Amino acid sequence: MKAEWRLRVTKCDVNKLAREAGVNSIIAKILAGRKIQNAEEIKKFMRASLNDLHNPFLMKDMDLGTDIILDAIDEGKKIIIYGDYDADGVTSTTILYKGLLNLDANVEYYIPDREAEGYGMSKDRIKILKEEGAEVILTCDNGISAVEEVKLAKELGMQVVVTDHHELPFIDTEEGREYIIPEADAIINPKRNDCSYPFKFLCGAGIAFKFIQALYLKLGLDEKEAYKFIEIAGIGTICDVVDLIGENRIIAKNSLEMIKNTENLGLKALMDVLGIKDKEIKSYNIGFMIGPCINATGRLDTASLSVELFTTNDIHRAKELANILYELNKIRQDMTMKNVDDIVQIIQNSDLKNDKVLVIYKEDIHESIAGIVAGKIKEKFNLPTIILTKGKEMPKGSGRSIEEYNLFEELLKCKDLIDKFGGHPMAAGLSIKKENIPILRKRLNENCKLTKEDITPKIKIDKRIPLGFVNEELINSLEDLEPFGKGNSAPLFAEKGILISEIKFLGKDQNTLKLSCFINNKEKIDAIAFNRADEFKEIIKEKYGDKFEKIISNPSGLKLDIIFYPIINEFNGYRNKQLRIKDFRLSL
C-alpha cells in the first residue's frame, strides 16, 4: 500500500522563533512542527545539558528506597538485583550492580530465563534466592505488577525495593479503574498516580541511573561519578524505544558522546566485533546493531551474558562474550527472516488478507522472536499484528500495533478469552488457549473500527526544500538534533519534479536503487533507496510499458517527487552529499 504524504504545518512565526532561539530557520521549522514552539524549549532541547536533569528525590519513594539500600550496605545484607532479559533490563541491571559494587555492597544480580520463567519476578525464584541468603530484593525494569511475588518475599522476611517504569496494573470496577501496586517497602515509578516527578517517560535504565544518582548524592560523592552511568543508561533508553524528549533526550545524547571514548571493555569489544569501534556512534548503531546483540542473549541463551559483558574487567572475556553476542544475533536474524517470509505467504494465500487485525498462530516460531516477527509483519501491512506460538502450557505470543489502534484496550475487551496479557497501546504480550485463538481473531476484527484512512501508511514531511539547499552546513545542523528515535524521528524533506540523469541497481540482489538527480543544469546529487529497486521497476513498467528498458538505461526527461534525509557519505576517503530516500513517486 502506497504511503500518504503529509506536510507538517505550524502557525507560529518560524523566522522569529529561529532568531530568538539562535537556530537556523529550517531547524526552527522542524522543531515547531513537533510542537516545540518556544525559544527556551528549543534552547533546552538543543543543549541537552546534564544540568537540566531533574532532582531524583522528586520521585516518590526515592528517599525511602535509597535509605533501605544504604542501610543494607552498612549492615552487610545480601542484596539481589532482580532484572529483566531485554536491553533495558540488562542495562538497568548493569547500572545498579556496578553502582552498588562501587559502594562495597554485598550485591548480586539475577536475570530470569525468558522461556522457563518469563517476564518479571517468580515465586519459585524468590524462594531459591531466600535459600541462598538474599535479604533485600532491588528490582529494575520490572516489579510494578508483581503483587503476589512481592507479598511472598515479604512473608519470607525480605525487604523489597521496586524500580520500574511500566504502567500500573488495574482492575475495572463499577466505579472505574482501581490501580493496584504491590506492598513493597518502596516503589519508585514515575507513572505512580501519587508521584509528582516532572518527567514520566524514563525507561528502566533511566530510573536505575536516577537511583544511583540519589544514592551518591546522599553519600556526598561527586555527582560526576553518578553521571558515568549515563553511558549505559543511554543504550537502554534508545533500545527501549521510549520518546527521545526531555530527560530521555539528555540521557541518550550524552550517552552517545560518552561512548565515543568509552572505557567499558565489553562495550568496546562489542563495537569492535560490529565494525563500528572507530566510527561516530549514533542512535542507529545503538538501536539496530548493539541493542539486537544484547537482546539476542535473552532470546536464545541467557541475558546474564550481556550483563557480564558490560561488567567484566577481563579483556579476553570481554572479547569472548562480544563474539557470543554477535553470533547469537546472526542466528536470531536468520530465524526472524525465515518466519517473516513464511507468515507473509500465509497471509497472502488465505482469508487473513481481508483482516484489519492480524492474529496468526504458527507453533514452530521460537517464542523469543514472536514480538520481532509481529513488528515486521505490522510494518509490511500497516495493520495491528499478533503472532502466537506454541508455549509450554498454552500458546503465547506478542502483538504490535499502529498509532490508530490501541492494542491494549482492544485486548482488554477480549480478556475473557485470554489467560494472561499485559502491555500498552502499541505492544502487548499474551497467553491464550489454542481453541480461543480463532475466536479472538474473529472478535478483534468484528470490534475493529479502523478505516481505510487509518490503515494507510503516512509519512510526515518536515519541510519542502530545493535540492540546492542541501549542503554540509544543513547536514551538520541536522546532526545537532540527534539522537533520533521515537518522539524525535529523523527530519524528512521533500521536493517535486526532480530530473533524473542516471539509474543504477546495486547490491548482491540488485535491490538497492541509486539515482543521480539534477540540482541545476550542472550540479548533481546521488540518492539511495535501500530494498526499493523492485518497487521502482514496477512503477516504471506501469507507466512506460515497452519503453521500460529504454527509460532505465536513459532516463532523459524522467521526473520524480522524493522524500529524503540528507547525509554526508564517506567512502574510501571521499566525502560527498547524498540523499537517503524515504519514498518516491512519479511526478505528475
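Since we're looking at a predicted model, the values are computed, not measured.

Participant: Mind showing me how you'd approach the overall build of the chain here?
Facilitator: A count of helices and strands for the chain gives 22 helices and 20 strands. On C-alpha atoms alone, the chain measures out to a radius of gyration of 25 Å, which is about the 25 Å that the 2.2 N^0.38 rule sets for 588 residues. The principal-axis extent of the C-alpha atoms belonging to the chain is close to 80 × 60 × 55 Å. Residues counted as buried form 53% of the 588 residues belonging to the chain. Put simply, of all contacts in the chain between residues at least 6 apart along the chain, 67% involve residues at least 24 apart. About 27900 Å² of surface is accessible on the chain, with carbon and sulfur atoms providing 47% of the total. Charge separation in the chain, taken as the distance between the mean sites of 87 positive and 94 negative side-chain charges, equals 7 Å.

Participant: Explain the UniProt feature "domain: DHHA1" (unreviewed entry) in the chain to me, please; I cannot follow it from the model alone.
Facilitator: The UniProt record annotates "domain: DHHA1" (unreviewed entry) at residues 354-449. Helix makes up 30% of residues 354-449 and strand 25%, with an end-to-end C-alpha separation of 14 Å.

Participant: Could you clarify how one ought to interpret the packing of helix H1 (residues 14-21) against helix H2 (residues 25-32) in this entry?
Facilitator: Geometrically, a packed helix pair is captured by the angle between its two axes and the distance between the axes. Packing of H1 against H2 leaves a shortest axis separation of 8 Å and a crossing angle of 110°. The angle between the axes of H1 and H2 places the two elements in the roughly perpendicular class. For the pair formed by H1 and H2, the contact residues are Val14, Asn15, Leu17 and Ala18 on the first element and Ser25, Ala28, Lys29 and Ala32 on the second. Split into classes, the residues belonging to the contact of H1 with H2 amount to five nonpolar, two polar and one charged.

Participant: Any chance you could explain the UniProt feature "domain: RecJ OB" (unreviewed entry) in the chain here in plain terms?
Facilitator: Mapped onto the present numbering, the UniProt feature "domain: RecJ OB" (unreviewed entry) falls on residues 461-583. Secondary structure across residues 461-583 divides into 21% helix and 43% strand, with the first and last C-alpha atoms of the span separated by 11 Å.

Participant: For this particular structure, what's the right way to read the sheet that holds strand E10 (residues 385-389)?
Facilitator: Backbone hydrogen bonds hold the strands of a sheet together, and the pairing may be parallel or antiparallel. Taken in spatial order, the five strands line up as E9-E10-E11-E13-E12 in an open sheet, and their pairing is mixed. Looking at which strands have only one partner, the edges of the open sheet turn out to be strand E9 (358-361) and strand E12 (420-424). Averaged over neighbouring strand pairs, the angle between their axes works out to 10° when direction is ignored. Note that E9 and E10 share four bridges and pair parallel. From the neighbouring strand, Leu358 faces E10, where its bridge partner is Thr385. Each of E9, E10 and strand E13 (427-431) touches helix H18 (residues 437-447); the most contacted strand, E9, lies at about 170° to it.

Participant: What exactly am I supposed to notice about the layout of surface pockets here?
Facilitator: Empty space left among the atoms is revealed by rolling a probe the size of a water molecule over them. Empty space within the second largest pocket amounts to approximately 560 Å³. Surrounding the second largest pocket, 21 residues form its lining, Lys98, Lys228, Glu231, Glu263 and Asn264 being those nearest its centre. Put simply, the parts of the chain that give the lining of the second largest pocket at least two residues each are helix H5 (87-101), helix H10 (230-239) and helix H11 (246-259). With four residues, the single largest contributor to the lining of the second largest pocket is H5. Of the residues belonging to the lining of the second largest pocket, the class tally is seven nonpolar, eight polar and six charged.

Participant: Just checking my understanding: could you explain the pattern of salt bridges for this structure?
Facilitator: Two side chains bearing opposite charge may form a pair once their charged atoms approach each other closely. Scanning all chains against the criterion turns up 44 salt bridges. Two residues, Asp462 and Arg34, come together in a salt bridge whose shortest N-O distance is 3.0 Å. Of this pair, Asp462 sits in the loop between strand E14 (458-461) and strand E15 (463-464) while Arg34 sits in the loop between H2 and helix H3 (39-47), placing them 428 residues apart in sequence. Asp462 gets classed as buried once you look at its relative accessible area, which sits at 1%. Here Arg34 falls in the buried class, since its relative accessible area comes to 16%. Between Glu225 and Lys228 there is a salt bridge, with its nearest N and O atoms 3.2 Å apart. One connected set of salt bridges, linked through shared partners, spans Lys2, Arg532, Glu535 and Asp583.

Participant: I tried to follow helix H20 (residues 472-479) on my own but got confused; where do I start?
Facilitator: Because an α-helix packs 3.6 residues into every turn, residues spaced three or four apart end up facing the same way. Every buried residue belonging to H20 is among Leu474, Ile475, Ser477 and Leu478, and all of these are buried. Axial view of H20: buried residues confined to an arc of 160°, hence all on one face. For H20, the elements touching its buried residues are H2, strand E16 (493-506), strand E19 (559-571) and strand E20 (574-586). Of the residues flanking the start of H20, the one acting as N-cap is Asn471, its side-chain oxygen 3.2 Å from the backbone nitrogen of Glu473.

Participant: So what exactly am I meant to see when it comes to the sheet that holds strand E5 (residues 159-163) here?
Facilitator: Taken in spatial order, the five strands line up as E3-E2-E4-E5-E8 in an open sheet, and their pairing is parallel. Edge strands, defined here as strands with exactly one partner in the open sheet, are strand E3 (107-110) and strand E8 (186-188). For this sheet the average axis-to-axis angle between neighbouring strands, irrespective of direction, equals 20°. As paired strands, strand E2 (residues 79-82) and strand E4 (residues 136-139) are joined by four bridges and run parallel to one another. Counted as the bridge partner of Ile80 is Ile137 from E4. In this fold H5 packs onto E2, E3, E4 and E5, with an angle of close to 170° to the strand it touches most, E3. Sheet strands in contact with helix H8 (residues 204-218) are E4, E5 and E8, and its direction is about 125° off that of E5.

Participant: Which parts of the structure should I look at to understand the packing of H10 against helix H13 (residues 283-300)?
Facilitator: Their axes nearest at 9 Å, the elements H10 and H13 cross at an angle of 90°. Overall, the two elements H10 and H13 adopt an arrangement that is roughly perpendicular. Every residue of H13 that contacts H10 at Ile235, Ile238 and Cys239 is listed here: Ser283, Ile286, Gly287, Ile290, Gly291 and Ile294.

Participant: What is the right way to look at the nonpolar core in this model?
Facilitator: Side chains of a nonpolar character, in soluble globular proteins, are inclined to be buried together. Core analysis: the largest hydrophobic core is formed by 80 residues, its most contacted members being Ile69, Ile79, Leu100 and Ile290. At nine residues, H8 tops the list of elements feeding residues into this core. Residues in contact with Ile69, not counting those within four places in the same chain, are Ile79, Leu100, Val136, Leu138, Val161, Phe211 and Leu215. Formed by 58 residues, the second largest nonpolar core is a distinct cluster that contains Val23, Leu492, Ile503 and Ile551.

Participant: Would you mind showing me how to read the packing of aromatic side chains here?
Facilitator: Here a ring pair, both rings aromatic, is described through the centre-centre distance and the interplanar angle of the planes. Following the criterion strictly, the structure yields 13 aromatic pairs and no others. Look at Phe199 and Phe201: their rings are 5.6 Å apart centre to centre, the planes differ by 85°, and that puts the pair in the edge-to-face class. The class for Phe199 is buried, based on a relative accessible area of 8%. One aromatic cluster in this structure is built from Phe170, Tyr179, Phe408 and Phe421.

Participant: How should H3 be read in this particular structure?
Facilitator: Every buried residue belonging to H3 is among Ala39, Ile42 and Phe45, and all of these are buried. Across the axial projection of H3, the buried residues extend over an arc of 125°, all falling on one side. In the core, the buried residues of H3 are packed alongside H1, H2 and H11. The residue sitting at the N-terminus of H3 and contributing the capping side-chain oxygen is Asn38; that oxygen lies 2.8 Å from the backbone nitrogen of Glu40. Positive backbone phi, at 40°, marks Ala48, one or two positions downstream of H3.

About the criteria used
Residues numbered from 1 in each chain as written. Predicted model: local features only at pLDDT ≥ 70, side-chain atom pairs only at ≥ 80, totals over all residues. Heavy atoms only, no water. Helix = DSSP H or I, 4+ residues; strand = E, 2+ residues; numbered from the N terminus. Rg over C-alpha atoms; globule rule 2.2 N^0.38 Å. Buried < 20%, exposed > 50% of the residue type's maximum accessible area, 1.4 Å probe, protein only. Contact = heavy atoms within 4.5 Å. Areas by Shrake-Rupley, 256 points an atom, 1.4 Å probe, with all protein chains shown as cover. Lys, Arg positive; Asp, Glu negative; His and termini not counted. Charge placed at Lys NZ, Arg CZ, Asp CG, Glu CD. UniProt positions renumbered as here; feature names shortened; annotations may be inferred. Axes fitted to C-alpha atoms, helices over the stretch in contact; angles between N-to-C directions. Parallel < 35°, antiparallel > 145°, perpendicular 65-115°, else oblique. Nonpolar A, V, L, I, M, F, W, Y, C, P; charged D, E, K, R; others polar. Pairing = 2+ DSSP bridges. 1 Å grid on protein atoms, 1.4 Å probe; cavity = no way out; pocket = protein on both sides within 12 Å on 5 of 7 lines; lining within 4 Å. Points joined across faces, edges and corners; volume = space filled by probe spheres on them. Salt bridge = Lys/Arg side-chain N within 4 Å of Asp/Glu carboxyl O. Arc of directions from axis to C-beta. Polar contact = N/O pair within 3.5 Å; in protein donor to acceptor, adjacent residues only side chain to side chain. Core = buried A, V, L, I, M, F, W, Y, C linked by side-chain atoms within 4.5 Å. Phe/Tyr/Trp six-rings, centres within 6.5 Å; stacked < 30°, edge-to-face > 60°.

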